[in-house]
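Below are the chains, spelled out letter by letter.
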Amino acid sequence: MSQLGFGNVMKVARWEFLKSVRTPTFIILTLIIPLIMLVTAGVSYLSAQTADSESVELAVLDHIGDFYDELTEHVDRQQEVNLTIIRYEGPQEHLESEVTAGDYDGFLVVDEEAVRTGDIPYFVSDIRDASPQVLSGLLSASVTSYRLQQIGLEREQIDEATVPVTVRARPLDPDEGIGSIIGPLVVAMILMFSALFSGQILMYGVLKEKRNRIVEILLSSISSVELLVGKMVGYGALGLTQIAVWVGAGALVAMRFMNLSQIAMGPGEIVIYCAYFLLGYALLASLFAAMGATMKDAEEGSQAQGLVILIPIVPIFVSGPIFMAPEALWVRVLSHIPPFIPATVLLRMASTQLPVWEIATTLIALITSVVLFVYAAARIFERGMLQFDRNISLKEIRRMLSS
Amino acid sequence: MVKRGELMAEMLAVRNLTRSYGDKVAVDGISFSVNRGDIFGLLGPNGAGKTTAIRIIMGILASDSGQVSLFSGDGPADAGTNRIGYLPEERGLYEDATVIDNLLYLAGLKGVTRAWASREAMEWLDRLGLADEATRKVDQLSKGMQQKIQFIASVVHRPDLLVLDEPFGGLDPVNQDLFKGVIRDLQEQGVAILLSAHQMNVVEELCDSIFMIHRGKRVLYGKLDDIKRGYHESILRVRFAPGEDAGFLERYTGAVVMESREDQVTIRYSGSREVEELLRDISENLTLEEISFQKPPLHEIFVRTVRERGDQVEPAGIR
């Protein structure tokens, strides 16, 4: 195998980075994600603001007579919905006309039967505007309270008996907040997107160099390993630039719309995530580069590339079971199979505290596989890059690796 | 200009180089050397093994056996590829980058500084009439211009050994002459030039020494003049007064008429009679208007040598 010189690697890396960072594809993709983040967060925020400012006005046709007072008391206590209720004294037909005319958003009909069965009719002019789940909690509490009153309990007794029950999960370790789930998930997504995007540009770059025949000039000056590693470094830097823009934009959006302390990460975590990203990227990049070197043109590239993209994101497809059972044997095994390591480990880190020994073994497995993948990719790259007019068969690849 | 003593410095030596692709032997035990200031022709039809040999010399391919020595006794051999310029047969540039960026990047890979490369590149662009195109993107240039840029990329770092694989392919006659002039200038500056081509007539004009290769094996190797001198046939072309009889020429032992017209005859001659004697007979029997007696062109020597060995030469393979 050819030699590896740092100077040449950096020359190639610099060239590839500067050449690609100015391309419209990179600029658009790098800016469009923050734009989507901003628009999504902005729309959610505005919707929430609008929803808060909206008030619902309901009429209550109380055939019992004293249920309305009970309901009013519960409505006054709740804060989630801006709800106003008004007792209606006229006939139901008139009320229906007024709801249709838009004077009310809807109306409730309460009688002895409704209180007994718990089935309270709720009428709205447009069924799409109905949100009975908002009212059900309120009515449930009111009806229960009213029934207890009818039994003869005092108000204090009723209040004591009907104190609402809530279940709130609390981590044993105070650091194990929502951030420990969001952090790895965000990193896993960024890893996948950025590594795949950078890997794709790398592969198309390799194909382009084959197509325009410049590769032979390059290989007369530097070794194929220097060219391969230089490209990987260059496009890795491109990926990091992209991540910096995305994370920067994400942080700005989060500062405006979220509580940042929830997703804060310690330096140790950042180092571990960076290690998985960089090693995962190196793994994918070597795969993509080797693939580019074995293909004749970009059309062939897009078909075969689809298959290679699928391999490292397989853990994403089974993220549910991984979340549910992060310590399962099959998940642990998956965490040590090279193409699946980064995504599987990051998903597991989102749902559980990985033991140090497992972080160490997965990192060792990842580093070892990166070395082997880069070595294999360099062999394929070296021999495949000069095959200008044809695709390399699997048989030939096997021969390249074994010779 | 190079001093006379320096001319013998061996810039490239190839010894028993062999390379196979599966069962096919592409290069079969070839050996040759190129000295400073030489224009050395590596000749042969398409598929003869020239490009494989060059790729091995350039370190792009590994040989199965044999040895390539660079700059033996002439400066640091470990600088290796940085002292070589290479224009491959399959060549290209970064089409979406500017001319000057392409040249600076490729020169940078040869270890020269950006400032130095920039100055050299502009000089070459100016010399080849492309100074105004320096900041244009390569895909905006014509094919001919791109070929000039590719050539500049191979010489911009001032190599001591220049390897040109089919440099005239696709060039119009004007640019062929331009390239020939530049190659001769580089030779005068002491650059050793290894020139591979299948257009033997073009190379014949330039080369001092040649190595003819066919199916990976050596066919002929040596100084061009020596090869021609050692070839036992000559071509005799005589133009005379119309109506005169040149039939007596056919009766000479070793003469084969190649073409005969009313006032002209062309004969391939490999007989043992002295040239002076032959010329005397001709001048006594014919009213001469024009006469030439020369060695056949390289491609003919090549074809006949190969055939004498019992090999086949593909008709489209050489020109």
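This one's a predicted model, so the numbers in the text were calculated from it and none came from an experiment.

Some thoughts on the overall build of chain B
Then, in step 1: The helix and strand inventory of chain B stands at nine helices and 13 strands.
Then, in step 2: Across its three principal axes, chain B shows a C-alpha extent of roughly 70 × 45 × 40 Å.
Then, in step 3: Taking all 319 residues of chain B together, 53% fall into the buried category.
Then, in step 4: Intrachain contacts of chain B at a sequence separation of at least 6 include 70% that bridge at least 24 residues.
Then, in step 5: Accessible surface computed for chain B: about 14500 Å², of which carbon and sulfur atoms make up 45%.
Then, in step 6: For chain B, the distance from the average position of its 39 positive side-chain charges to the average position of its 49 negative side-chain charges is 4 Å.

Observations regarding the sheet that holds strand β4 (residues 122-124) of chain A
Residue and element names in this part refer to chain A.
Then, in step 1: The four strands are arranged β2-β1-β3-β4 in an open sheet whose pairing can be described as mixed. The outermost strands of the open sheet, each flanked by one partner alone, are β2 (83-87) and β4. Neighbouring strand axes in the sheet, compared pairwise and without regard to direction, differ in orientation by 25° on average.
Then, in step 2: Taken together, the three bridges between strand β3 (residues 106-110) and β4 define a ladder with antiparallel strand orientation. Opposite glycine 106, over in β4, you have valine 124 as the bridge partner.
Then, in step 3: Lying over the sheet, helix α3 (residues 67-77) contacts β1 (56-62), β2 and β3, oriented at roughly 165° with respect to β2.
Then, in step 4: Most of the contacts of helix α4 (residues 92-101) go to β3, to which it runs at about 160°, and overall it touches β1, β3 and β4.

What to know about the packing of helix α4 (residues 143-155) of chain B against helix α5 (residues 173-188) of chain B
Two numbers describe a pair of packed helices, the interaxial angle and the distance between the axes.
Residues and elements named next belong to chain B.
Then, in step 1: Contact geometry for α4 and α5: axes closest at 12 Å, N-to-C directions at 10°. Between α4 and α5, the interaxial angle falls into the category roughly parallel. For the pair formed by α4 and α5, the contact residues are Gln147, Lys148, Phe151 and Val155 on the first element and Asn175, Leu178, Phe179, Val182, Ile183 and Leu186 on the second.

Here's the deal with the interface of chain A and chain B
When the parts come together, some accessible area is lost, and that loss is often what is quoted as the size of the interface.
Then, in step 1: With 21 residues of chain A at the interface, the matching set in chain B holds 23 residues.
Then, in step 2: Of the roughly 2200 Å² buried between chain A and chain B on both sides combined, carbon and sulfur atoms contribute 58%.
Then, in step 3: Contact with chain B buries surface across chain A, with Trp15, Glu216 and Ile217 of chain A losing the most and accounting together for 29% of the total.
Then, in step 4: Counting every contact that joins chain A to chain B gives two salt bridges.
Then, in step 5: Residues lysine 208 of chain A and aspartate 96 of chain B are paired through a salt bridge, measuring 3.1 Å at the closest nitrogen-oxygen approach.
Then, in step 6: At the boundary of chain A and chain B, one finds seven residue pairs in polar contact (both at pLDDT 80 or more).
Then, in step 7: Every element with two or more residues in the side of chain A that touches chain B is listed here: α1 (6-21), α8 (179-211) and α9 (215-219) of chain A.
Then, in step 8: For the side of chain A that touches chain B, the element with the most residues is α1 of chain A, which contributes seven residues.
Then, in step 9: The residue inventory of the side of chain A that touches chain B, partitioned by class, reads nine nonpolar, four polar and eight charged.

A short note on the confidence of the model for chain B
All names here are of chain B.
Then, in step 1: Counting all residues, the mean pLDDT for chain B is 85, and 91% of those residues have values of 70 or more.
Then, in step 2: The lowest-confidence element of chain B is helix α9 (residues 298-308), averaging 79 in pLDDT; the highest-confidence one is helix α2 (residues 99-108), averaging 96.
Then, in step 3: Under a pLDDT of 50 for its full length, residues 315-319 has, in the predicted model, 16 contacts with residues more than four places off or in other chains.
Then, in step 4: ipTM for the predicted complex: 0.81, alongside a pTM of 0.73.

Points about α5 of chain B
All names here are of chain B.
Then, in step 1: The first and last C-alpha atoms of α5 sit 23 Å apart over 16 residues, in line with the 22 Å expected at 1.5 Å per residue.
Then, in step 2: Along α5, the residues that are buried comprise Asn175, Gln176, Phe179, Lys180, Val182, Ile183 and Leu186. In an axial view of α5, the angular spread of the buried residues amounts to 165°, which keeps them on one side of the axis. Seen from the buried face of α5, the exposed residues on the opposite side, beyond 90 degrees, are Pro173, Val174 and Asp177.
Then, in step 3: Along its buried surface, α5 packs onto β3 (39-43), α3 (114-127), α4, β6 (161-165), β7 (192-197) and α6 (200-206).
Then, in step 4: Looking at where α5 begins, the residue whose side-chain oxygen comes 3.1 Å from the main-chain nitrogen of valine 174 is aspartate 172.
Then, in step 5: Phi for glycine 190, located one or two positions after α5, is positive at around 100°.

Things to note about a nonpolar patch on the surface
Then, in step 1: On the surface, Ile28, Ile32, Leu35, Ile36, Val39 and Val43 of chain A cluster together to form a nonpolar patch covering roughly 540 Å² of accessible area.
Then, in step 2: Summarising the element assignment, isoleucine 36 of chain A is placed in helix α2 (residues 24-53).

As for the side chain of threonine 98 of chain B
All names here are of chain B.
Then, in step 1: Position of threonine 98 relative to the elements: it lies in the loop between β5 (84-87) and α2.
Then, in step 2: Look at threonine 98 and you get buried, because its relative accessible area is 17%.
Then, in step 3: Among residues more than four places away in sequence, those in contact with threonine 98 are Ala134, Thr135, Arg136, Lys137 and Val138.

So, the sheet that holds strand β9 (residues 217-223) of chain B
Residues and elements named next belong to chain B.
Then, in step 1: One open sheet holds the six strands; their spatial order is β5-β6-β7-β3-β8-β9, and the pairing between them is mixed. For this open sheet the edge positions go to β5 and β9, each flanked by a neighbour on one side alone. Neighbour-to-neighbour, the strand axes of this sheet turn through a mean angle of 15°, independent of strand direction.
Then, in step 2: As judged from the six bridges shared by strand β8 (residues 209-214) and β9, these two strands associate in the antiparallel manner. Bridged to histidine 214 within β9 is lysine 217.
Then, in step 3: On top of the sheet, helix α1 (residues 50-57) reaches β3, β5, β6, β7 and β8; it is set at about 150° to β7, its chief contact.
Then, in step 4: The strands touched by α9 are β3, β8 and β9; relative to β8, the strand with the most contacts, the crossing angle is about 40°.

Focus: the pattern of salt bridges
Then, in step 1: Under the criterion given, the structure shown has 31 salt bridges over all chains.
Then, in step 2: Here the residues in one salt-bridge network are Glu16, Lys19, Glu209 and Lys231 of chain A, joined through shared partners.

Some words on unusual backbone geometry
Leave glycine aside and you will find that most residues have negative phi; peptide bonds, for their part, are mostly trans.
Residue and element names in this part refer to chain B.
Then, in step 1: Phi at glutamate 166 is positive, roughly 50°, even though this residue is not glycine.
Then, in step 2: Inspection of the secondary structure puts glutamate 166 in the loop between β6 and α5.
Then, in step 3: Owing to a relative accessible area of 5%, glutamate 166 belongs among the buried residues under this scheme.
Then, in step 4: Unusually for a residue other than glycine, arginine 215 sits at a positive phi of about 50°.

Here we look at the environment of phenylalanine 71 of chain B
All names here are of chain B.
Then, in step 1: By the secondary structure assignment, phenylalanine 71 is in the loop between β4 (65-70) and β5.
Then, in step 2: Exposure remark for phenylalanine 71: the relative accessible area of 1% places this residue in the buried category.
Then, in step 3: Residues phenylalanine 71 and serine 33 lie 38 residues apart in sequence; the distance between their C-alpha atoms is 11 Å.

A short note on α2 of chain B
Then, in step 1: Burial analysis of α2 of chain B places nine of its ten residues in the buried class, which makes it a mostly covered element.
Then, in step 2: Within α2 of chain B, the full set of buried residues consists of Val99, Ile100, Asn102, Leu103, Leu104, Tyr105, Leu106, Ala107 and Gly108 of chain B.
Then, in step 3: Along its buried surface, α2 of chain B packs onto α1 and α9 of chain A together with α3 and α4 of chain B.

Rules and cut-offs
Residues numbered from 1 in each chain as written. Chains lettered and ligands numbered in written order. Predicted model: local features only at pLDDT ≥ 70, side-chain atom pairs only at ≥ 80, totals over all residues. Heavy atoms only, no water. Helix = DSSP H or I, 4+ residues; strand = E, 2+ residues; numbered from the N terminus. Buried < 20%, exposed > 50% of the residue type's maximum accessible area, 1.4 Å probe, protein only. Contact = heavy atoms within 4.5 Å. Areas by Shrake-Rupley, 256 points an atom, 1.4 Å probe, with all protein chains shown as cover. Lys, Arg positive; Asp, Glu negative; His and termini not counted. Charge placed at Lys NZ, Arg CZ, Asp CG, Glu CD. Pairing = 2+ DSSP bridges. Axes fitted to C-alpha atoms, helices over the stretch in contact; angles between N-to-C directions. Parallel < 35°, antiparallel > 145°, perpendicular 65-115°, else oblique. Buried area = accessible area lost by both parts, 1.4 Å probe. Salt bridge = Lys/Arg side-chain N within 4 Å of Asp/Glu carboxyl O. Polar contact = N/O pair within 3.5 Å; in protein donor to acceptor, adjacent residues only side chain to side chain. Nonpolar A, V, L, I, M, F, W, Y, C, P; charged D, E, K, R; others polar. pLDDT = per-residue confidence, 0-100. Expected span 1.5 Å × (residues − 1). Arc of directions from axis to C-beta. Patch = residues over 30% accessible without salt bridge, like charges linked within 9 Å, V, L, I, M, F, W, Y side chains within 5 Å.

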